[in-house]
Amino acid sequence: MKGLRAPVGDQPAEVYWRRRIVLLVALAVIVALGWLIVSAVSSDGAEPSTPAASSTPAASTSPTTSVSPSDEPTSADVVACAKDAISVSVAPNPANVPSGKQPKFDVTIEQVGDVPCLLDTTAKNTKLVITSGDERIWHSNDCPAEEALIGKEWLLDSGDSKDVQVAWPRIRSAEGCATTGDAVGEGWYWAEVTVAGVKADRVQFHLQ
């Protein structure tokens, strides 16, 4: 025990005490370094859990990026309606027209094709013609006034239908929208409607 408290040797006591202090400091440094190394290894092992937790939000956002824009067709990416893709029918409304009233006709246009198409009802291929026997009474090419039907563009999907109503102003017409001055009398007349080159069956009606 005396050797621990009072160093024994041929060196002065101060030398032995310095050696002991240096040894104790070295041991303390070694212990501290060991603790730091253990702490660093422990923290490195815990890091992989952070990316794993953040991967869940990234996976949840993937459906949002896969949403595609609307597939609704527009007039820019469809073709003009072929004649065999359009069906036209006409019905007088009413069939017996009172005196002083304009005859009106309900026109139904059906798209019977397989794909969407654009229907263009220009004045050249869409018309209303009124006849009596072999006599032409009125022609919309003379007086292009049927704004509900002529000069329209309709985008029609397969199975779509369009209903419009056209009227005859109960007068005779000539080229340039000139009237003949002849009165239109009571009797039976025929109405014939053509839409985009597709002619409907003509219908008969009576003027009082």
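See the structure above.
Each residue is numbered by its place in its chain's sequence as written, counting from 1. Local features in this predicted model are restricted to residues of pLDDT 70 or higher, and side-chain atom pairs are both shown and tallied only at a pLDDT of 80 or more, whereas totals for entire chains, interfaces and linings draw on every residue. Hydrogens and waters are ignored; side-chain quantities use all the structure's heavy atoms.

The helix and strand labels rest on DSSP assignments: H or I over at least four residues marks a helix, E over at least two residues marks a strand, and numbering proceeds from the N terminus. Examined against the element boundaries, D142 turns out to sit in the loop between β7 (135–139) and β8 (152–156). For every residue, the accessible area obtained with a 1.4 Å probe (protein chains only) is divided by the maximum for its type, and the residue is called buried under 20%, exposed over 50%, and partly exposed between those limits. According to the relative accessible area criterion, D142 is buried, its value standing at 8%. Looking at D142, its side chain comes within polar contact range of the side chain of S173, at 3.0 Å. The term polar contact refers here to a pair of N or O atoms within 3.5 Å; inside protein, the definition further demands a hydrogen-donor-capable atom paired with an acceptor-capable atom, and it admits residues adjacent in sequence only when both atoms are side-chain atoms.

Now for the state of the cysteines. Throughout, a disulfide means two cysteine sulfur atoms within 2.5 Å of one another. Within this structure, the stated rule accounts for one disulfide. One disulfide in the model links C81 with C117; its S-S distance is 2.0 Å. Its S-S torsion of about 90 degrees marks the bond between C81 and C117 as right-handed, since a negative value means left-handed. Of this pair, C81 sits in the loop between β1 (79–80) and β2 (86–92) while C117 sits in strand β5 (residues 117–121); the two residues are 36 residues apart in sequence, bridging distant segments of the chain.

Moving on, we come to the pattern of salt bridges. What counts as a salt bridge is simple: a side-chain nitrogen of Lys or Arg found within 4 Å of a carboxyl oxygen of Asp or Glu. Tallying each qualifying case throughout the model produces three salt bridges. Residues K199 and E192 are paired through a salt bridge, measuring 3.8 Å at the closest nitrogen-oxygen approach. Judged by its relative accessible area of 54%, K199 is exposed.

Moving on to the packing of aromatic side chains. Classification of ring pairs uses Phe, Tyr and Trp, with its six-membered ring standing for Trp, and accepts pairs whose centres are within 6.5 Å; under 30 degrees between planes counts as stacked, over 60 as edge-to-face, and the remaining range as tilted. According to the stated counting rule, one finds four aromatic pairs in the structure shown. Look at F105 and F205: their rings are 5.0 Å apart centre to centre, the planes differ by 70 degrees, and that puts the pair in the edge-to-face class. With F105 in strand β4 (residues 104–111) and F205 in strand β12 (residues 203–207), the pair connects residues that are 100 residues apart, well separated along the chain. There is no split in this pair, since F105 and F205 are both buried. Ring geometry for Y189 versus F205: centroids 6.0 Å apart, planes at 25 degrees, classification stacked. Taken together, the residues span a long stretch of sequence, with Y189 in strand β10 (residues 187–195) and F205 in strand β12 at a distance of 16 residues. F205 carries the same exposure label as Y189, and that label is buried. Grouping aromatic residues by their ring pairs yields a cluster made of F105, W168, Y189 and F205. Whether a charge sits over a ring depends on NZ of Lys or CZ of Arg being within 6 Å of the ring centre and within 35 degrees of the ring normal. A cation over a ring is seen here: R202 above W190, with NZ or CZ 3.9 Å from the ring centre.

In this description, strands pair whenever DSSP reports at least two bridges between them. Ordered by their spatial adjacency, three strands build an open sheet running β2-β4-β9, and the pairing between neighbours is antiparallel. What marks the edges here is a single partner per strand, and that holds for β2 and β9 (161–167). On average, each strand axis in the sheet is tilted by 20 degrees relative to the strand beside it, whichever way the strands run. Here β4 pairs with β9 via seven bridges, running antiparallel. Looking at β9, one finds that D106 is bridged to Q165. Angular values range over 0 to 180 degrees, each being the angle between N-to-C directions of two axes fitted as lines to C-alpha atoms, with helices fitted over their stretch in contact.

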